[in-house]
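Overview (structure and organization)
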Amino acid sequence: MDLRALFSSNDPVNATEAFTNRQRQWELVSAALQEHLRYVASEAFNVEDLEAPRRNVIVLHGVGGVGKTTLSRKLEAALASAAQRPVQWGEPAWPRERILPVRIDLSRSIGTSFEDLVLTIRAALAELGRPLPAFDIALRRYWDAQHPGESLEEYLRRGGLAARFGKGMGQQVQSALADVAQTLLLPGTVGSAIGQLTSSLTKALREHRQTVRALAGCARLQGLLEAEPSLEALSFYPHLLAWELAQLPADRRRVPVILLDTFEDVGDRTHRDLERLIQRVVWLMPNAFFVITGRSRLQWADEGLQGQLDYTGASAWPGLNLPATGIPAARAARPAPGQGRQVLIGDFSPEDCDTYLARRLSHDGQPLIGPAIRAVIGERSHGLPLHLDLAVARFLEIRRTGLVPAPGDFDHTFPALIARTLSDLTTEERHVLRSVSLLDAFDLELATRSAGMAHQAPARRLTERPMVTEDPYAIWPYHLHGAIRSALQTADDHTDDGWTHTDWQRAAERALAALGDQWQSTPTAASGRTLLVACLRQGLRLARDHRLTDLLWLTQAAIAYDSDAVWEPLAPPAPTQTDTATIGQGSNTPLDTPAGALAELLTALARRQREHRELTVERLTTVLATGLLPGELAEMAEYYRAKANRDIGRNEVSRQGMAQVAAGGGRLALRARRGLADAARIDGDFPTALAAADGLGFEGREQRVLGDIWWAHADLDRAITACERARQQAEQHGNAGEQAISQARLTLAVAFTDPARADDEITLATQLLDGLAQRATTLITHIAALIRDAGSPDVTDRAQTLRTELTVAGLTWLGPTLDVALAFHHAVLGNHHDLATTVHRLNESTTTGGYTYCAHIAAAFGDLPQPASPVRWLEDEQTVQQRWRTLVATRQAHLRETR
C-alpha cells in the first residue's frame, strides 16, 4: 500500500504499489539460482575450498528510480511464497523448501551496518530450528568483546530482527554455548564463561579431543577463535555459517538466497572498506546465493581493484567479467553464457507504463488516471518508474486543490529526478553529466571536450553508470537516459552546483566546436559522410536551441552535405521551447537566428525527396526572406528553389533563379549553368542547350546534360556513352548520389535498345540508390522498367500507379517522360487509339510547361502528325523521327521472336 497516496486525499482512492512485469530479470535470476543449486548439490562442491571461482552472485543494476528496490522486494516475496509470484513468471524448477530468501537494505537511510548484515543472515537461518555452534560461539565471543554489558538478545529485539525472524536466534546461540560448555565439562553459567569457553574449546581443538570432533571438522574454527574478536574477524565468521549449513542432513539443508539492495550506498569507489567486508561474506559463503541490486555494475572482476578488495579479477568472478569487446555484459540485450551475471534493469515499455499508471490509482475499480494523461506521462517518462511515481504524486496534488488534472499538467519533468541522479556522482562527474546532456550521443573525447576538461577519467567513470547506455557499433557509443537528459535541461535545478544560463551556453559552444573538430579530422570519405550527417544533426540542434550566432564549421558541413546529393534526413527534434517566429506547415524550427535558418534550409532539401515540391518552394522562400543566411548558404537556397520551381513546371521562374545564381559566380554557378542548359532543353531549344553544356565539366554534370540531349534525339548510343562517363566520373570523385543519378538516366536509354541489358542496369541503379533519399531518381528507374517491359499486359496499370506517385510528390516534370514510355508501349502493341490518346494528353500538358519535344517523340512512334509547337533539333527532324520509329519496329520484332 502506498501510504503517501492514501493520505493525500479525502476520497476513497485505492493507492496500491503496482508492480509491472519484470519477467526477463526473473528469468535470469531463476536460471542463475537453478545453476547454483545444481552446483552446491554436486560432489564437486566443497564449502571449504577458498580458491575455486565464485559464481554465487548476480547483479541487477540500473539508473536511480528504475525500480530496483521494488524488484528486489518482489524477488524476495516470490522466492518465499508461490502466492506472491506473478503468474507470468511461471513455476520455478526447484522446491520452495530448498531455499531461504532474506533481503537486506543497505541504504544510508536505513543505516544498516556490517554487524547488522551478519546478524540478519544469522537471524534468517534461525528458521532451520537448530543451533549453528561454530558460528554462534564465535559471534557471542565477538559480541561480548565489542558490546560489553549489552545483551545480544536485547539488541535483536530493539533492532527489529527478533520481530522479523522470531526469537529463535537468541535461544539457539544460548543452546549452542550450553551444549559446548557441557561437552567441555565447564562449571558455572555459560553467560559469564564465554571467555573460558572459547579458550577451552580452542585448546580442545588443538589437542584433537574426541569430545569436540564435530567442531573439529571445521578446519579454520580454531584460527578464528584465537584471532582478536574485531570487526575484521567478524567478516570471516560467515565461513563458519557456510560450514554449518553444509553439515546439515540433506533433507534439512537449505540454500540462503541473500538479496542485498541499494548496494550503491555501501561506499564510493575510493573508499571500499565496507564493500571489502561484504565481498568477503559473499566469497566465504559459496553455498549461499546473492542477488545484489544497485546503480552500478559490480567491479569485482576488474583486475585494477587488486589491493582494494580481497578477491578480484575475471578468474575469481567469471560471471562478472567484461566480454572481449570491453562492453559491460550488463549492457547487452541478452547476456552471454558465463558473462550474464551483470544484468541491466531496463526501462518500462510504453505498454508497461500505461499498465503501471492504470493500476497505481483506482476508484471503484476503475483507473483514476485517464488514458490521455497516462499517454503524456508515459512519453515524458522515457520508461523511468521514478518519473511515473512523481507524476502520480502530482496528479493527487492537483486533485487535492479541487482542480481536474489535464494532460498539459504533466508535459514536463521533475527536479527530483536531478537530485536522485546526482546523489552519488562526484563533482567532476556531475559536470560531465550536464555537459553530455546537450548531446544525443557521445564518446569519451566528445564528452571531455564538451565539459572543458583536460583528462577523460571523469567521463570514463560516468559511462560506467547505468544512466548511460552503450551501442558499440554507433559513431558515438554512449547515450544518456532520456528522462534524465530531459530533466537536466528543462527542470529547475536546485542543487548547490546547478548551472547558470551562461554555463549552459558555454557548454553548448564547447560541444559544437568539439563536433566540428571530430568531423574535420576524419580521414576517409566513406566514414566522413556518415560522421558528417551525425555531426550536422547534433550541431544544428545545439546551435539552434542555444541560439548560437556563429555557425563555425556548420557552413562548410552544409556545403559538404549538399555536394554528394544523398539527402539523408537531418531534421533535428523540435526545440524544448517553441518560438513564434517559425515557418509554417507544421515546422517548429525558429527562424530568428542563422542556425535556425540553416536547419530549416537543410531540412527542406532533405524533405523535398518525400514531400510536394510546392512545399519545398514555400520553405525556401521563407528561409531566404529572413536574410539570416551568409552568402554561400543563401546561394544554396536560391539554387534549390529554382530547381523545385522547375520540377513543378514553373520554367520561367526557375530560369530566372538559375540565372541569378550563375551570375553570382559562386560555388553553385556551374550547377546553375547546367540548370540553364536544362531549361533550354525543356523548352525544346537544343542548340542553346548544347552550347550551354560546353565546359560545364564534372561539377556542372556536363556528361549527364549531354546524355539527356542525345536521348531526346534517339541517338541512344551517344546517350549511353555520356551517361556511362558521368557515372564513372562520379565514382572517381566518390560521389554516390551522382553515381545513382547517372545510372538511372542510363537505364532510360538502355531500356529502349536492349531489354535484357536493362535488367542488369536497373538492378545496378537500385543498388546504388540503396540508402539514398532520391525519390525522383528512383521513379526514373521505374519508368525505365516500363520501357523495358513495353508490350507486357501490366504496363498500363503500372503506369497509372506511377503517375499517382508523381502527382503526390509534385514531380510533374517526370510526367512527359512517363507518357513517352506509355506511348512506346501502345505503339509496340499497335494500339493506335491509345497511342493517339497519349499523344493528345502530352500535347495538352506540354503546351505551357515545356517538354514539348516529348509530344513529338510520342507522335513519331506511330508516324502521327507532329504537334504544332516548334522544337529546334540539332539535326533534321525527319531523322530524329525515323530513329524513334525504328525503336518501335525493333521491339516488335523482338517480341515476335520471344513468343
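These numbers come from a predicted model, not from an experiment.

The rules behind each value
- Residues numbered from 1 in each chain as written.
- Predicted model: local features only at pLDDT ≥ 70, side-chain atom pairs only at ≥ 80, totals over all residues.
- Heavy atoms only, no water.
- Helix = DSSP H or I, 4+ residues; strand = E, 2+ residues; numbered from the N terminus.
- Buried < 20%, exposed > 50% of the residue type's maximum accessible area, 1.4 Å probe, protein only.
- Contact = heavy atoms within 4.5 Å.
- Areas by Shrake-Rupley, 256 points an atom, 1.4 Å probe, with all protein chains shown as cover.
- Axes fitted to C-alpha atoms, helices over the stretch in contact; angles between N-to-C directions.
- Parallel < 35°, antiparallel > 145°, perpendicular 65-115°, else oblique.
- Left-handed = near helix turned anticlockwise from the far one by under 90°.
- Nonpolar A, V, L, I, M, F, W, Y, C, P; charged D, E, K, R; others polar.
- Polar contact = N/O pair within 3.5 Å; in protein donor to acceptor, adjacent residues only side chain to side chain.
- Pairing = 2+ DSSP bridges.
- Expected span 1.5 Å × (residues − 1).
- Phe/Tyr/Trp six-rings, centres within 6.5 Å; stacked < 30°, edge-to-face > 60°.
- Lys NZ or Arg CZ within 6 Å of the ring centre and 35° of its normal.
- Salt bridge = Lys/Arg side-chain N within 4 Å of Asp/Glu carboxyl O.
- Core = buried A, V, L, I, M, F, W, Y, C linked by side-chain atoms within 4.5 Å.
- pLDDT = per-residue confidence, 0-100.

Moving on: the overall build of the protein chain. A count of helical and extended segments in the protein chain gives 41 helices and 10 strands. Counting across all 899 residues of the protein chain, residues that qualify as buried make up 56%. Partitioning the contacts of the protein chain with sequence separation of at least 6, the portion at a separation of at least 24 is 69%. With the model as given, the accessible surface of the protein chain reaches about 37500 Å², and the carbon-plus-sulfur share is 51%.

The next point concerns the packing of helix α35 (residues 755-769) against helix α36 (residues 775-788). For any two helices packed against each other, one specifies the crossing angle of their axes together with the interaxial distance. One can describe the packing of α35 onto α36 by two numbers: an axis separation of 10 Å at closest approach and a directional angle of 165°. Comparing the axis directions of α35 and α36 gives the class roughly antiparallel. Handedness of the α35/α36 crossing: left-handed. Contacts from Pro-755, Ala-758, Asp-759, Ile-762, Ala-765 and Leu-769 of α35 reach α36 at Thr-777, Thr-778, Thr-781, Ala-784, Ala-785 and Arg-788. A breakdown of the residues in the contact of α35 with α36 according to their chemical character gives 7 nonpolar, 3 polar and 2 charged.

For the rest of this paragraph, the subject is the side chain of Thr-838. By secondary structure assignment, the location of Thr-838 is in helix α39 (residues 832-845). Within the structure, the side chain of Thr-838 is placed 2.9 Å from the backbone oxygen of Asp-834, a separation counted as a polar contact. Excluding its chain neighbours within four sequence positions, the residues that come into contact with Thr-838 are Asp-819, Leu-822, Ala-823 and His-826.

Here strand β3 (residues 99-105) lies mainly inside the structure; 7 of its 7 residues are buried. Of the two faces of β3, the one holding Ile-99, Pro-101, Arg-103 and Asp-105 and the one holding Leu-100, Val-102 and Ile-104 are both buried throughout. One ladder, built from 7 bridges, connects β3 with strand β4 (residues 255-261); its direction is parallel. When the sheet's bridge partners are listed, Pro-101 is paired in β4 with Val-257.

This part takes up helix α38 (residues 815-829). End to end, α38 covers 21 Å across 15 residues, agreeing with the expected 21 Å (1.5 Å per residue, within 8%). Two residues or fewer past α38, Gly-830 is found with a positive phi of approximately 75°.

Backbone geometry at Arg-701 places phi at a positive 60°, although glycine is not the residue there. Position of Arg-701 relative to the elements: it lies in the loop between α31 (686-693) and α32 (702-712). Residues other than glycine seldom take positive phi values, yet Ala-714 does so here, at roughly 60°. Considering the arrangement of structural elements, one finds Ala-714 in the loop between α32 and α33 (716-732). Among the residues examined, Ala-714 registers a relative accessible area of 9% and is labelled buried.

Relative orientation of the contacting elements helix α15 (residues 350-360) and helix α16 (residues 371-381) amounts to 130°, with a least axis distance of 9 Å. Taken together, the axis directions place α15 and α16 in an arrangement best described as oblique. Judged by the sense of rotation from one axis to the other, the crossing of α15 with α16 is right-handed. Together, Cys-353, Asp-354, Leu-357 and Ala-358 of α15 and Arg-374, Ile-377, Gly-378 and Ser-381 of α16 make up the contact between the two elements. Considering only residue class, the contact of α15 with α16 consists of 4 nonpolar, 2 polar and 2 charged.

Looking now at the packing of aromatic side chains. The final tally for this structure, using the stated rule, is 24 aromatic pairs. Ring centres of Trp-519 and Trp-553 lie 6.1 Å apart, and the angle between their planes is 40°; this geometry places the pair in the tilted category. Of the two residues, Trp-519 sits in helix α23 (residues 501-520) while Trp-553 sits in the loop between α24 (525-545) and α25 (554-563), which places them 34 residues apart along the sequence. The residues Trp-519 and Trp-553 share a single accessibility class, namely buried. Between Tyr-561 and Trp-567, the aromatic rings sit 5.6 Å apart at their centres with planes inclined by 75°, giving edge-to-face as the arrangement. Here Tyr-561 and Trp-567 have matching classes, each one buried. Its guanidinium or amino end placed over the ring of Phe-698, Arg-701 lies 4.6 Å from that ring's centre, counting from NZ or CZ.

Before going further, it helps to spend a moment on helix α20 (residues 444-451). Here α20 has its buried residues at Leu-446, Ala-447, Thr-448, Ser-450 and Ala-451. Summarising the contacts, the buried residues of α20 are in contact with α19 (427-436), α21 (457-463) and α23. Capping of α20 at its N-terminal end is provided by Asp-443; its side-chain oxygen lies 3.3 Å from the backbone amide nitrogen of Glu-445.

What follows deals with the sheet that holds β4. Strand order in the open sheet made by the 5 strands is β3-β4-β5-β2-β6, with parallel pairing throughout. What marks the edges here is a single partner per strand, and that holds for β3 and β6 (342-344). Sheet twist, expressed as the mean angle between neighbouring strand axes with direction ignored, is 15°. The pairing of strand β2 (residues 57-61) with strand β5 (residues 289-294) spans 5 bridges and is classified as parallel.

Here we come to the environment of Ala-513. Its place among the elements puts Ala-513 in helix α23. Assessed through its relative accessible area of 27%, Ala-513 is described here as partly exposed. With 41 residues separating them in the primary sequence, Ala-513 and Leu-554 have C-alpha atoms 9.9 Å apart. Ignoring any residue separated from it by four or fewer positions in sequence, one finds Ala-513 in contact with Arg-449 and Trp-553.

Among the 6 residues of β5, 6 are classified as buried, and the element is accordingly described as predominantly covered. Where β4 meets β5, 4 bridges bridge the pair, whose relative direction is parallel. The partner of Val-257 across the bridge, within β5, is Phe-289.

Turning our eyes to something else, we now look at the pattern of salt bridges. By the definition in use, this model includes 63 salt bridges. The closest approach of N and O atoms between Arg-434 and Asp-497, which form a salt bridge, is 3.5 Å. One end of the pair, Arg-434, is in helix α19; the other, Asp-497, is in the loop between α22 (482-490) and α23, and 63 residues separate them in sequence. The residue Asp-794 makes a salt bridge to Arg-798 at a minimum N-O spacing of 3.5 Å. Judged by its relative accessible area of 35%, Asp-794 is partly exposed. Judged by relative accessible area, which is 27%, Arg-798 ranks as partly exposed.

The next point concerns the nonpolar core. Nonpolar side chains tend toward joint burial in soluble globular proteins. Within the largest apolar cluster, 181 residues are counted, with the highest numbers of intra-cluster contacts made by Leu-260, Trp-317, Leu-598, Leu-601 and Leu-602. Beyond its immediate sequence surroundings of up to four residues, Trp-317 is in contact with Arg-54, Asn-56, Val-57, Gln-279, Val-282, Trp-283, Trp-300, Ala-301, Tyr-311 and Thr-312. Counting residues in hydrophobic clusters, the runner-up holds 72 residues, among them Ile-720, Phe-752, Leu-779 and Leu-822.

Per-chain confidence: the protein chain averages 85 in pLDDT, with 90% of residues scoring 70 or above. The model gives residues 576-587 a pLDDT under 50, and that stretch makes 23 contacts with residues more than four places away or in other chains.

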